[in-house]
Amino acid sequence: MTQYRQTWLWIGLGIAFIGILYLLKGILLPFLAGLLVAYAMNPAVTRFEKMGISRTFGTLFMILSFFLLIGLLLFIAIPFIQAELLRLSSQVPQYGNRIMEALKPVYDEASRYIEPHDMERLRELGGTYLGDVVTWGIRLFSGILTSSLALANLISLIVITPVVAFYCLRDWNKIINTIDRWLPRPYEPTIRRLFREINATIGGFARGQAIVCLMVGIYYSITLTLINLDFSLVVGPVIGVMAFIPYVGALVGFLLSIGIAFAQFSDWISIGIVAGIFIFGQTLEAYIFIPYFVGDRIGLHPVWIIFALLAGGVLYGFIGILFALPVAAAVGVLVRYGIEIYLKSPYYLGESSSKKKRSHETANSSS
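Residues numbered from 1 in each chain as written. Predicted model: local features only at pLDDT ≥ 70, side-chain atom pairs only at ≥ 80, totals over all residues. Heavy atoms only, no water.

Caption draft 1: Structural detail: the pattern of salt bridges. Enumeration according to the criterion identifies six salt bridges in this entry. We note a salt bridge from Arg170 to Asp171, for which the minimum N-O separation is 3.1 Å. A relative accessible area of 16% means that Asp171 is categorised as buried. For Glu188, the salt bridge goes to Arg192, with nearest N and O atoms at 3.0 Å. With a gap of four residues between them, Glu188 and Arg192 both fall in helix H8 (residues 188-226), about one helical turn apart. Shared partners join several salt bridges into a network, and the residues in it are Asp180, Glu188 and Arg192. (Salt bridge = Lys/Arg side-chain N within 4 Å of Asp/Glu carboxyl O. Buried < 20%, exposed > 50% of the residue type's maximum accessible area, 1.4 Å probe, protein only. Helix = DSSP H or I, 4+ residues; strand = E, 2+ residues; numbered from the N terminus.)

Caption draft 2: A nonpolar patch on the surface, seen in detail. Together, Val327, Val331, Val335, Ile339, Tyr342, Leu343, Tyr347 and Tyr348 line one region of the surface with nonpolar side chains, adding up to about 830 Å² of accessible area. No other element matches the six residues that helix H13 (residues 318-343) contributes to the nonpolar patch. (Patch = residues over 30% accessible without salt bridge, like charges linked within 9 Å, V, L, I, M, F, W, Y side chains within 5 Å. Areas by Shrake-Rupley, 256 points an atom, 1.4 Å probe, with all protein chains shown as cover.)

Caption draft 3: Here's a closer look at the confidence of the model for the protein chain. Summing up the model confidence of the protein chain, the mean pLDDT is 76 and the portion of residues at 70 or higher is 70%. The lowest-confidence element of the protein chain is helix H5 (residues 116-146), averaging 55 in pLDDT; the highest-confidence one is helix H7 (residues 172-182), averaging 87. Low pLDDT, under 50, characterises residues 144-149; the stretch is placed with eight contacts to residues that sit more than four places away or in other chains. (pLDDT = per-residue confidence, 0-100. Contact = heavy atoms within 4.5 Å.)

Caption draft 4: Region of interest: the packing of H8 against helix H9 (residues 232-242). It is the contact of H8 with H9, at a shortest axis distance of 7 Å, that shows an interaxial angle of 155 degrees. It follows that H8 is roughly antiparallel to H9 by the angle criterion. Classified by chirality, the crossing of H9 by H8 is right-handed. Contacts from Cys213, Val216, Gly217, Tyr220, Ser221, Leu224 and Thr225 of H8 reach H9 at Ser232, Leu233, Val235, Gly236, Pro237, Ile239 and Gly240. Tallied by class, residues from the contact of H8 with H9 come to eight nonpolar, six polar and no charged. (Axes fitted to C-alpha atoms, helices over the stretch in contact; angles between N-to-C directions. Parallel < 35°, antiparallel > 145°, perpendicular 65-115°, else oblique. Left-handed = near helix turned anticlockwise from the far one by under 90°. Nonpolar A, V, L, I, M, F, W, Y, C, P; charged D, E, K, R; others polar.)

Caption draft 5: Representation of the packing of aromatic side chains within the structure. Throughout the structure, instances matching the rule amount to eight aromatic pairs. Taking the centre distance of 5.0 Å and the plane angle of 85 degrees together, the rings of Phe66 and Phe67 count as edge-to-face. Its relative accessible area of 24% is what places Phe67 among the partly exposed residues. Taking the centre distance of 5.3 Å and the plane angle of 80 degrees together, the rings of Phe166 and Tyr167 count as edge-to-face. The class of Tyr167 is partly exposed, set by a relative accessible area of 44%. (Phe/Tyr/Trp six-rings, centres within 6.5 Å; stacked < 30°, edge-to-face > 60°.)

Caption draft 6: Helix H10 (residues 248-264), seen in detail. Taking 1.5 Å of rise per residue, 17 residues should cover 24 Å, and H10 covers 24 Å from first to last C-alpha, within 8% of that figure. Residues of H10 that are buried include every one of Gly249, Ala250, Gly253, Ser257, Ile258, Ile260, Ala261, Phe262 and Ala263, and no others. (Expected span 1.5 Å × (residues − 1).)

Caption draft 7: A look at unusual backbone geometry. The phi dihedral of Asn228 is positive, around 65 degrees, even though this residue is not glycine. The topology assignment puts Asn228 in the loop between H8 and H9.

See below:
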């Protein structure tokens with residue numbers, strides 16, 4: 001088989017694999033989540049093996065510890081979040097009226113250009129519909145937390161994910177060795193190098209970004225609580241969780257906090273302090289947290305990270321968002337390798353330059 005045909009064979013297999021994943025996206029969540037858990041825990045289980053602990057026992061210990069911790073956090077957090085959301089939903093109409101009062105100078109200025117009855121109608125509609133929409137959204141989210149949580153997916157996550165994670169983690173070395181035996185022999189060194197780079201990129205980015213999310217959540221929870229902002233213990237963790245999307249988490253948290261501040265405080269100094277907290281927090285995240293904990297591990301510009309998250313969400317829903325960054329990191333490694341090959345090829349150098357370069361390399365190797 002010529003190299004040209006091999007290339008098209010692998011491209012066809014890749015397209016077929018992506019198509020199968022798209023067709024099966026409705027049942028992939030527990031399996032991919034289990035694989036992700038196994039991937040994250042493999043270094044710890046490998047250390048257990050080096051300490052003389054059997055891989056089966058180390059796997060069982062890590063899986064039980066992980067899911068017990070998750071269950072405990074959900075058991076504690078969900079009732080608290082539900083209560084806070086219900087309290088927020090009950091106060092939304094009052095918040096809407098306070099925001100409208102705070103924005104009264106803007107309305108007064110606009111009334112110079114708009115008829116008085118139109119301004120009054122606009123004010124009533126704004127207060128009514130803003131309160132209705134926010135209250136409906138909060139009650140919907142609170143109901144999801146306490147009732148269904150997309151019942152089928154929740155049951156599959158609870159039941160199937162631990163099983164998949166256990167078997168993948170226990171048999172990790174066997175799986176890797178099997179895949180290794182399937183690699184085409186002529187390209188084995190190159191594929192191994194690319195997989196090592198992908199593994200280092202994904203692992204480093206995941207660990208660094210998790211620390212950044214934790215630090216950001218702690219920072220906003222503490223600072224917003226110190227200024228007595230309502231629902232700070234909900235807003236802070238929400239910002240921390242959303243921090244894995246560059247700029248989006250901070251923007252959503254800023255708008256949410258400023259809205260609550262407008263409704264809660266009557267003086268501009270307190271509102272300005274909330275804004276200052278976010279300016280300082282964004283500076284910390286951009287110039288200290290991310291450079292120190294993440295650095296350039298993923299090798300992708302923030303705009304492309306946002307694009308990857310949106311594309312993953314459009315194509316595969318929540319699963320796409322969950323795996324968008326690992327896939328983007330892997331694609332980034334492959335693209336950089338492709339560019340490296342291209343810069344050495346006749347398509348970039350030209351036929352004559354490429355021949356000279358090959359003859360020069362041959363002469364160097366023979367000497």
